[in-house]
Amino acid sequence: MNIQYFLASVFCLLFFSISEESFSQQASTLEINRADILRGANGFERLLGNVEMKHQKSLIYCDSAHFFRAENRAQLFGRVRIKDIEDPITTTSAYAEYDGNTKVAKLRRNVVFTNQQTTLYTDYLDYNRETNIATYFNEGKVVDSTNVLTSERGIYEVNLERITFRQNVVLVNPDYTMKTNNLIYLTIPKTSETKGLTNIVSKEGYKLDAQKGSFYDTQQKQFRFFDGIVETEESRVKAQELFYDEAKAYYEGKDDVRVLNKERQVEVYGDRGKYWENRKYSVVHGNALVRKYFEKDTLFMTADTLISQDSEADTAKYLLAFKSIKLTKTDLAGIADSLVYNYSDSSIRLFQDPVMWNHKSQISADSMVFFIANEELDRVFMKDKAFAIMSDTLLNFNQMKGREMTGYFKEGQMERLLIDGNGESLYFALEADTLTQGINRILSANIKLTFNDGAIQKANFGIRPDGKFTPVQKIDEKVSKLEGFNWRIAEKPDRTTIDAWRKPEEIDLGAENLFNVPDVKLEMPTDRQIQEKLGKSNLAPIKKPLNPAIMKDNFL
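No experiment lies behind these values; they were computed from the predicted model shown.

(A) Examining the pattern of salt bridges more closely. Under the criterion given, the structure shown has 28 salt bridges. For R488, the salt bridge is made with D353, and the minimal N-O distance between the two is 3.1 Å. Taken as a pair, R488 in the loop between β36 (466-471) and α2 (495-501) and D353 in the loop between β27 (347-351) and β28 (355-358) lie far apart in primary sequence, 135 residues in all. Classification of R488 by relative accessible area gives buried; the value is 13%. Beyond isolated ion pairs, a larger network of salt bridges with shared partners links D175, K203 and K221.

Structure (structure tokens):
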């Protein structure tokens, strides 16, 4: 009983397996629906005129066909059209080969592959109906409602609504043109993702470049670049990861951020940053650095946070810097807790224990503001606890202090100093700039001093000054310094200090750009074309007929 049950089960299993295989083969067979003329031929059937065939869920139309029934394949000629009954996919071409076993259609010449609003044009397309993947090679173009994309090779994954473009990829839409060598485009959300070098030019002439790929939402007009640069007429923004919202003219960068204001020739750097282009407002955090470019010099400044405001709509145009301020230029250096750089008058205000050095001088106060004119330090104003120190030719420290001070500079060195309120001065009297005679110490409400190479050349004092001279023999530590004296030269920043804080790599302005590659392809002429050209110019070599007699003599 058990043996009979077992044999019956095996028989049923084999029967259904064979039936399923036969049904599958039958369902996968190419069928002829109609043709004007059907003729037999050696190994195939010829279908002529208004040919219609069917394979599973696809209808196949053409002018004529060679049907290899035994191999379940067909060659299709003239006005080929393959239409999917259920999916909105239609393919046309001048010639095609269709394999019913592999479900692969190889379409050639004037191929048009249409899927709703997306159309693919090429001359060489292989379409696998089993996987619903179309592959083109030797150039193709994809057009939808927004974009036109071209490339040498491409893969269209219909089920995923994804097209992968390879080699010489160009994306064009009404707002910009993109060039790259590897692009993935999603046809439904209309987003593109690139790998490797990517270059974009907008209709306004803006340039957007990425060395390590990008992501772009063509409908939202939002870009994300990796190792990217966005350059306009007024600015240049760069970051390792750069987000750009074109509609809002808003940038956000991470890692090695830099923003250049071309009009002001001011460039800011940092770890993270945000920039609103219309407002010309930027915020940069993390080891921030500023470069102010002059014609012959550059001002460097470091800070933890930088804020820049330079919109025409704002009356105040400035650069704010907070925490750990250090700045240096050829003729000056300074430190402070915070700073304001006014673009309008090129003034720099320092707050909270600021100190500034200029050649042989050091000045400090609770707050100070200095002005730059013609790329050089022009004047400085110090308020509350103002203290100035200048080193003379013998390295003595001439000192001045007061409630307020105004210093004037010439060729980078302090030329005049005006003290207003509670003035005190201590300066060394020299003989021929080579010998110290003593110290002059004077108290006066107001003092005017003139300098030459750090040494006091002339002094004017207000009403009823109180002065004292100490000869060189009686000079000691107490006599040679005013109260509050602090020579802080060890804190003076220089380029080494700046570079230790942040030393950005310079932008390679000559980096590879796909827009610089000419589109023209030079084709070498064939030998036949060369001969025809030479013949028209009467330069073709004359072929003399062979003389049999001469040939015979030579061989004898």
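From this point, things continue past the structure.
(B) Spatial organisation of the packing of aromatic side chains. Within this structure, the stated rule accounts for 18 aromatic pairs. Residues F397 and W487 carry aromatic rings whose centres are separated by 4.7 Å and whose planes lie at 45 degrees to one another, so their mutual orientation is tilted. In this pair, F397 sits in strand β32 (residues 397-410) while W487 sits in the loop between β36 and α2, placing the two residues 90 residues apart along the sequence. Grouping aromatic residues by their ring pairs yields a cluster made of Y176, Y216, F223, F225, Y244, Y251 and Y275. The lysine or arginine in question, K292, covers the ring of F294, its NZ or CZ lying 5.4 Å from the ring centre. The ring of F294 carries K329 above its face, with NZ or CZ at 5.4 Å from the centroid.

(C) Layout of the pairing of strand β22 (residues 266-276). In this structure, strand β21 (residues 250-261) lies alongside β22, joined through 10 bridges in antiparallel fashion. Within β22, the residue paired with Y250 across the bridge is W276. Connecting the antiparallel pair β21 and β22 is a turn made up of 4 residues, with Q265 showing a positive phi of about 55 degrees. Relative to strand β23 (residues 281-293), β22 is paired through 9 bridges, and the arrangement is antiparallel. Across the sheet, the residue bridging to W276 is Y281, located in β23. Taking the residues between adjacent antiparallel strands as the criterion, β22 and β23 are bridged by 4 residues, where K280 takes a positive phi near 50 degrees.

(D) Spotlight on the side chain of S192. Mapped onto the secondary structure, S192 falls in strand β15 (residues 191-194). Ignoring anything within four residues of it in the chain, the contact list for S192 reads L171, M178, L183, I184, Y185, S214, F215 and Y216.

(E) Representation of the side chain of S480 in the model. Along the chain, S480 falls in the loop between β36 and α2. Judged by its relative accessible area of 12%, S480 falls in the buried class. Other than its neighbours up to four places away in sequence, S480 contacts Q399, L426, F428, I439 and I475.

(F) View of the confidence of the model for the protein chain. Chain-level pLDDT for the protein chain is 84 on average; 88% of the residues reach the 70-or-more range. Between residues 1-26, whose pLDDT stays under 50, and residues either more than four places distant or in other chains, the model counts 0 contacts. The low-confidence segment residues 548-556 (pLDDT under 50) makes 1 contact with residues lying over four places distant or belonging to another chain.

(G) Seen up close, the nonpolar core. With 96 residues, the main nonpolar core has L76, F370, M400 and L417 as its most contacted residues. In this structure, F370 is in contact with L327, L332, S346, S347, I348, L350, M356, L377, R379 and V380, ignoring residues within four places of it in sequence. Core analysis: the next-biggest nonpolar cluster, separate from the first, contains 8 residues, F387, I389, I439 and L482 among them.

Procedures and definitions
Residues numbered from 1 in each chain as written. Predicted model: local features only at pLDDT ≥ 70, side-chain atom pairs only at ≥ 80, totals over all residues. Heavy atoms only, no water. Salt bridge = Lys/Arg side-chain N within 4 Å of Asp/Glu carboxyl O. Helix = DSSP H or I, 4+ residues; strand = E, 2+ residues; numbered from the N terminus. Buried < 20%, exposed > 50% of the residue type's maximum accessible area, 1.4 Å probe, protein only. Phe/Tyr/Trp six-rings, centres within 6.5 Å; stacked < 30°, edge-to-face > 60°. Lys NZ or Arg CZ within 6 Å of the ring centre and 35° of its normal. Pairing = 2+ DSSP bridges. Contact = heavy atoms within 4.5 Å. pLDDT = per-residue confidence, 0-100. Core = buried A, V, L, I, M, F, W, Y, C linked by side-chain atoms within 4.5 Å.

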